[in-house]
Amino acid sequence: MNLKQLEIFLAVAESGSFSRGAEANFITQSTVSQHVSALEKELGIRLLDRTSKGALPTAAGNILVRHARRLLADTREIYAALDRFKGLADASLTVGASNIPGQYLIPDALPAIYQKVPGLTITLLQGDSYQTLERILQGEAEIGVVGCPFNEEGFSFTPIGKDEIRLILPHGHRWAGQRIFKRNLPEEPFILREPGSGTGKTVVDALCDGGFNLEQLRPRAYLGSNEAVKNAVAGGLGVAFLSTLSVHKELERGEVATATIVDLQISRLFHLAYRTDRELSPAARAFANMMIGRFSDRERQVSAP
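Parameters and conventions
- Every chain's residues receive numbers from 1 upward, in the order its sequence appears when written.
- Residues qualify for local features only when their pLDDT is at least 70, as the model is predicted, and side-chain atom pairs are given and counted only at 80 or more; totals for whole chains, interfaces and linings, by contrast, use all residues.
- Computation of side-chain values covers all heavy atoms of the structure but excludes hydrogens and water.
- Starting at the N terminus, helices and strands are each numbered in turn, a helix being any DSSP run of H or I of at least four residues and a strand any DSSP run of E of at least two.
- To get the radius of gyration, use the C-alpha atoms; to get the globule rule, take the number of residues to the power 0.38 and multiply by 2.2 Å.
- Buried, partly exposed and exposed residues are distinguished by accessible area as a fraction of the type maximum, computed with a 1.4 Å probe on protein chains only: under 20%, between the cut-offs, and over 50%, respectively.
- All tallies of charge rest on Lys and Arg as positive and Asp and Glu as negative; His and the ends of each chain are not included.
- One atom stands in for each charge, and that atom is NZ of Lys, CZ of Arg, CG of Asp or CD of Glu.
- To obtain each axis, a line is fitted to C-alpha atoms, and for helices this fit is confined to the stretch in contact; angles are then taken between N-to-C directions over 0 to 180 degrees.
- Throughout, the term roughly parallel applies to angles under 35 degrees, roughly antiparallel to angles over 145, roughly perpendicular to angles from 65 to 115, and oblique to all others.
- Helix crossings fall into two classes, left-handed where the near helix is turned counterclockwise from the far one by less than a right angle and right-handed where it is turned clockwise.
- Two residues form a contact once any of their heavy atoms are found within 4.5 Å.
- Each residue gets one of three labels, nonpolar for Ala, Val, Leu, Ile, Met, Phe, Trp, Tyr, Cys and Pro, charged for Asp, Glu, Lys and Arg, and polar for the others, Gly among them.
- Grid points spaced at 1 Å and placed over the protein atoms alone form the basis of the search, with a cavity being a set where a 1.4 Å probe fits but cannot get out and a pocket an open set showing protein on both sides within 12 Å along at least five of seven lines. Lining residues have an atom within 4 Å of a point.
- Grid points are joined across faces, edges and corners, and a volume is the space filled by probe spheres set on the points.
- Each residue after the first adds 1.5 Å to the expected span of a helix.

S.K.: Would you mind showing me how to read the overall build of the protein chain here?
M.R.: Within the protein chain, the secondary structure is distributed over 10 helices and 12 strands. Taking 305 residues into account, the globule formula puts the C-alpha radius of gyration at 19 Å, and the protein chain, at 31 Å, lies well above it. If one aligns the C-alpha atoms of the protein chain with their principal axes, the spans along those axes are about 105 × 35 × 30 Å. Counting across all 305 residues of the protein chain, residues that qualify as buried make up 45%. Counting 34 positive and 34 negative side-chain charges, the protein chain places the centres of these two groups 4 Å from one another.

S.K.: How should unusual backbone geometry be read in this particular structure?
M.R.: Phi is mostly negative for residues that are not glycine, and the peptide bonds are mostly trans. One non-glycine residue, Phe26, lies in positive phi territory at about 60 degrees. Looking at the element boundaries, Phe26 is found in the loop between helix H2 (18-25) and helix H3 (29-43).

S.K.: Looking at this structure, how should I read the packing of helix H1 (residues 3-15) against H2?
M.R.: Relative placement of two packed helices is described by the angle separating their axes and the distance separating the axes. Following both chains from N to C, one finds H1 and H2 inclined at 130 degrees, their axes separated by 8 Å at the closest point. Classed by the angle they form, the pair H1 and H2 counts as oblique. H1 and H2 meet at a crossing whose hand is right-handed. The residues of H2 that touch H1, namely those facing Lys4, Glu7, Ile8, Ala11, Val12 and Ser15, are Phe18, Arg20, Gly21, Ala24 and Asn25. In terms of residue class, the contact of H1 with H2 is built from five nonpolar, three polar and three charged.

S.K.: Even after reading the chapter, I still don't get empty space enclosed by the protein, so can you show me in this structure?
M.R.: A water-sized probe, rolled over the atoms, reveals where empty space remains. In this structure the tally under the stated criterion is one cavity of 30 Å³ or more. When its volume is computed, the largest cavity comes out at roughly 50 Å³. What lines the largest cavity is simply Ser98, Asn99, Ile100, Pro101, Asp128, Ser129, Gly147, Arg193, Ser197, Gly198, Thr199 and Arg268. Listing elements by their share of the lining of the largest cavity, those giving two or more residues are helix H5 (99-116) and helix H7 (198-209). It is H5 that provides the largest number of residues to the lining of the largest cavity, a total of three residues.

S.K.: I would appreciate a short explanation of helix H10 (residues 282-295) in the present structure.
M.R.: For an α-helix, the turn length of 3.6 residues means that residues three or four places apart are oriented alike. Given a rise of 1.5 Å per residue, 14 residues ought to cover 20 Å, and the 20 Å separating the end C-alpha atoms of H10 matches this to within 8%. Burial runs high along H10: 10 of the 14 residues are buried. Within H10, the full set of buried residues consists of Pro282, Ala283, Ala284, Ala286, Phe287, Ala288, Asn289, Met290, Met291 and Ile292.

Given below as structure tokens:
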């Protein structure tokens, strides 16, 4: 059984005529008869009574008519849905994001995205950078924004907005507003992000590249979000490296402070991440190009891999 056979059978059953069924499908009457006979043979039951009044559906034929109508209507809806998908008139997209992009970059871009693609519905799944890549790998998200690129096969990483990471201190800390050096860092307990954090990886890479021995740091806690780290610092539990995007309001309100490390500057680019072996949907490409255009200093366009 195939859709063409059902379409031809339905045309005959509804018109009551093999000839009119042939005209509706732009084929010969003999071809119509062959398709209907093949269908009856496969199902093992007569579907049409050939009478002097025309071709009339049997009781079994009427059952098939009802199912064939629904099936062919669903088939037409498939084409309509895919046309809407291609035109982004009624599309949905699941985006993965690590902490900072999920809290700041993507929400900031959403009004512009919806203005350009008003029919798009976005679902945002947040986690650390490794969790985001795992969601993309498992198909839970189609595209993601992470804090740094990882050495993961099968992924493409496209750089977008730049971020500065600074040393954040409790209010009134002796280093507040001062200039210090890397050698001073072991003097204070640190609040660190959990393994898998893009911020954490960027900090570790910058310290190692600067010749700093990580064993000199005095970790007091490993926490799973920037909000938790901010609260711990504000509570006086230690100092931390945090994205300026995540603490600019707290700095303005004087809830935390910052110091300048003379011999260490830490910055990074956020990255769009997607699988190289999967074709991006039009919705994902539209999202990617909007993010690039909004946060990048040079134009790049993401096309289907």
